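Listed here are the chains, written in short residue letters.
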Amino acid sequence: MDDKTPRTPAPSPTDEHANSSEVGATALQPTNFKVLIIGAGVAGLSAANHLLQNGCNNFCILEARGRIGGRIVSIPMAKHKVELGANWIHGVLGNPIFEIAVQHGLVSVVNIPKPHKIIATTEDGLQVPFSILQEIYEAYVCFLRRCDEYFLCQYSPPPDINSVGEHINYEIQIYLNTLDDPKEKHLKQLIFNCLLKRETCITGCHDMNEIDLLELGSYTELQGGNIVLPAGYSSILRPLTAEICKQSIITKCPVKKIHWKRKKTLTGLDTVDEGSECEQDSDDSEKTVTEFPIAGSLTSTAVNNSPSRGGSAESDCNDDYPIQVTCDDGSIFKAEHVICTVPLGVLKQNHKTLFDPELPHYKQEAIEHLMFGTVDKIYLEYDRPFLNADISEVMLLWDDDKYDLNASSNAELDSSNDYLSKNWFKKIYSFAKVTDTLLLGWISGREAEYMETLDDEVVADKCTEILRIFLQDPCVPKPKKCVCTSWKSQMFTKGSYTSIPVGALQEDIENLAQPLYASSQALKPAVVFAGEHTHSNFYSTVHGAYLSGRTAAQSLLGKEEPNEIILESDGSDLSAWIQGIALD
């Protein structure tokens, strides 16, 4: 379901809005905590709530932005709430975000879909008959489902086909070769190309040739469709923060360094070098801690025991608050444990300097293997409606050789500024109605990164030109307002969401989620990781982030908390119900 070093843009709407979500830093803030949570996105808020529900309130959330919510941010536009980040609740059955939304009256249980009429037009204004559009869409969905089956059924693809894009294009070629009329063949190819561009925005990549074929099915799609929150996705933040004390969230506090493994000295605590060993640790036990993930350790760690405390410098490597977190403003916080929810894009850029000592090699490899692509939105607001009231979306069938099935991909040309300056807008696959006077376009990959370097006025002019050409209407008005997102340029995200590229594995996500132990004797982890990039089945989603935060907090609970671990439970907990069903 994103990402981009263009010029520093004007402050993005992603950071300027959502005032209702702002939390101010407070004076005389304590600096020692049982748990420090890095990031006040959904994963961090979920972790905080789970700690609270199990009797642990000795935590603090450090958030780099001036607002909470991470990649959830809604703004008012055309008397409507629009989403700059997360757009939908993906699925109903077993989705904790949907359950929270229903519990707090944020979404209607009865979801009546609006009429959805799509038109697809070529650059010369030819409107494709709906029957052809439906035929190609159904064929495309079939091809995509077959890609899922390689992961689910564990069988081998055709020789020399490694990516989703290669496999779908292989199927498309077979499909089109059955046609005799070259015009019909070309038109249907343009529709397939448009659907592939759409898929890059769903998946979060530049090109579907980047996505590993054997791993596509690792993403689990929940049933129930995509649900919109009428009051905006940011409304979900209210129930997620209702129980959290405002003083427990410090905003505008970017973290510079996490000193996660230290040893006692006569003068205090020093960071352990990656190559050194903590007292009382053998070489073998140190490798277990720093170099290789411990299978199942996130759930099987001795959660019913508290960390060892108060040992002497000679007997152990722990202190009451052995982890030290340094922030950009020089402030220092100490903790027993850290839950790190920093997005994958930021980890890719900063992991070598963020952690002291550096992360274990297997975890660095996982960060490098996984993809954090760019997906951006373009909102166009008008004074008056100009599209036919029945039309909900206009698909743009670009006649672009770059996407021809027989065209060879030229990565250097594709990423050159000269090419992008002339062609970036051809990655916009459609304009969809949000309201009668508000349109939304999506763009992904390097074209999205390039768009982030442009002024909104330039983007508005180009979109107006595009609509006039495809609708064959020179009177299409220029929007009175254009808002473009810039997720790659945002220094606290550096992209949109996670996907598994060719050569990476679901195992990379699992390795990224593995906790870090300060020593082989530690009963609980020093650093636990959460965020959508750490959920091996629901990566790229809000519910994946939420569940990962809950799991991370769970791994830190022990005897000092209630013996009975409490999970969120209410009448709408469909996931608990469905888990009791056995399918024969």
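Everything numeric in this text was worked out from a predicted model, so none of it was measured. (Residues numbered from 1 in each chain as written. Predicted model: local features only at pLDDT ≥ 70, side-chain atom pairs only at ≥ 80, totals over all residues. Heavy atoms only, no water.)

Asker: Before we go on, may I ask you to explain the overall build of the chain in this structure?
Answerer: Check the secondary structure of the chain and you find 18 helices and 22 strands. When the 584 residues of the chain are sorted by exposure, 56% land in the buried category. Summing over all exposed atoms, the chain offers an accessible surface of approximately 25,500 Å²; the carbon and sulfur share of this is 52%. (Helix = DSSP H or I, 4+ residues; strand = E, 2+ residues; numbered from the N terminus. Buried < 20%, exposed > 50% of the residue type's maximum accessible area, 1.4 Å probe, protein only. Areas by Shrake-Rupley, 256 points an atom, 1.4 Å probe, with all protein chains shown as cover.)

Asker: Before we go on, may I ask you to explain the side chain of His-90 in this structure?
Answerer: Locating His-90 in the fold gives a position in strand β5 (residues 89-90). Residue classification places His-90 among the buried residues on the basis of a relative accessible area of 16%. A polar contact of 2.8 Å, which involves the side chain of His-90, links it to the side chain of Asn-226. (Polar contact = N/O pair within 3.5 Å; in protein donor to acceptor, adjacent residues only side chain to side chain.)

Asker: Help me out: how do you make sense of the confidence of the model for the chain in this one?
Answerer: A low pLDDT score tells you not to read the predicted coordinates there in detail. Of the residues in the chain, 77% have a pLDDT of 70 or more, and the chain-wide mean is 84. A low-confidence stretch, residues 274-292 (pLDDT under 50), is modelled with 39 contacts involving residues beyond four sequence positions or located in other chains. (pLDDT = per-residue confidence, 0-100. Contact = heavy atoms within 4.5 Å.)

Asker: How should I be thinking about the sheet that holds strand β20 (residues 481-484) in this particular structure?
Answerer: In sheet architecture, strand pairing relies on hydrogen bonds along the backbone and comes in two forms, parallel and antiparallel. Strand order in the open sheet formed by six strands is β6-β17-β18-β19-β16-β20, with mixed pairing between adjacent strands. Looking along the sheet, the strands with just one partner apiece sit at the ends: β6 (118-122) and β20. When the angles between neighbouring strand axes are averaged without regard to direction, this sheet yields 20 degrees. Pairing between strand β16 (residues 375-381) and strand β19 (residues 438-444): seven bridges, direction antiparallel. In the strand pairing of β19, Asp-376 is matched with Ile-443. Contacts from helix α15 (residues 456-471) reach β6, β16, β17 (393-397), β18 (430-435), β19 and β20 within the one sheet, and its direction differs from that of β20 by about 110 degrees. (Pairing = 2+ DSSP bridges. Axes fitted to C-alpha atoms, helices over the stretch in contact; angles between N-to-C directions.)

Asker: Just to check I follow, could you spell out the packing of aromatic side chains for this structure?
Answerer: Two descriptors summarise a pair of aromatic rings, namely the distance from one centre to the other and the angle between the planes of the rings. Per the stated rule, a full pass over the model turns up eleven aromatic pairs. Between the aromatic rings of Phe-355 and Phe-529, the centroid separation amounts to 5.9 Å while the plane-to-plane angle is 45 degrees, which identifies the pairing as tilted. Residue Phe-355 is found in strand β14 (residues 355-356), and its partner Phe-529 is found in strand β22 (residues 527-529); the two are separated by 174 residues along the sequence. Ring pairing ties together the aromatic residues Trp-398, Trp-424, Phe-425 and Phe-470, which thus form one cluster. In this structure, Lys-462 packs its charged tip against the face of Phe-425, placed 4.2 Å from the ring centre. (Phe/Tyr/Trp six-rings, centres within 6.5 Å; stacked < 30°, edge-to-face > 60°. Lys NZ or Arg CZ within 6 Å of the ring centre and 35° of its normal.)

Asker: I would appreciate a short explanation of the side chain of Glu-393 in the present structure.
Answerer: Tracing the backbone through its elements, the reader meets Glu-393 in strand β17. No salt bridge forms around the buried Glu-393; measuring N to O, its nearest opposite-charge neighbour Arg-198 is 5.7 Å away. Only 2.6 Å separates the side chain of Glu-393 from the side chain of Ser-430, close enough to count as a polar contact. (Lys, Arg positive; Asp, Glu negative; His and termini not counted. Salt bridge = Lys/Arg side-chain N within 4 Å of Asp/Glu carboxyl O.)

Asker: Sorry if this is basic, but what is going on with the pattern of salt bridges here?
Answerer: Should their charged atoms come close, side chains of opposite charge can pair. As enumerated under the stated definition, the model contains 16 salt bridges in all. With a shortest N-O distance of 3.6 Å, Lys-480 and Asp-383 are connected by a salt bridge. Of this pair, Lys-480 sits in the loop between α15 and β20 while Asp-383 sits in the loop between β16 and β17, placing them 97 residues apart in sequence. Of the two residues, Lys-480 and Asp-383, both sit in the exposed class. As a salt-bridge pair, Lys-427 and Glu-447 come within 3.0 Å of each other at their nearest N and O atoms.

Asker: Hey, could you run me through the pairing of strand β2 (residues 59-62) in this one?
Answerer: Successive side chains on a regular strand alternate, one facing one side of the sheet and the next facing the other. The side-chain alternation of β2 yields two buried faces, one formed by Phe-59 and Ile-61 and the other by Cys-60 and Leu-62. Taking the sense of rotation as the criterion, the β-α-β connection linking strand β1 (residues 32-38), helix α2 (residues 42-53) and β2 turns out right-handed. (Right-handed = clockwise from strand over helix to strand, strands pointing away.)

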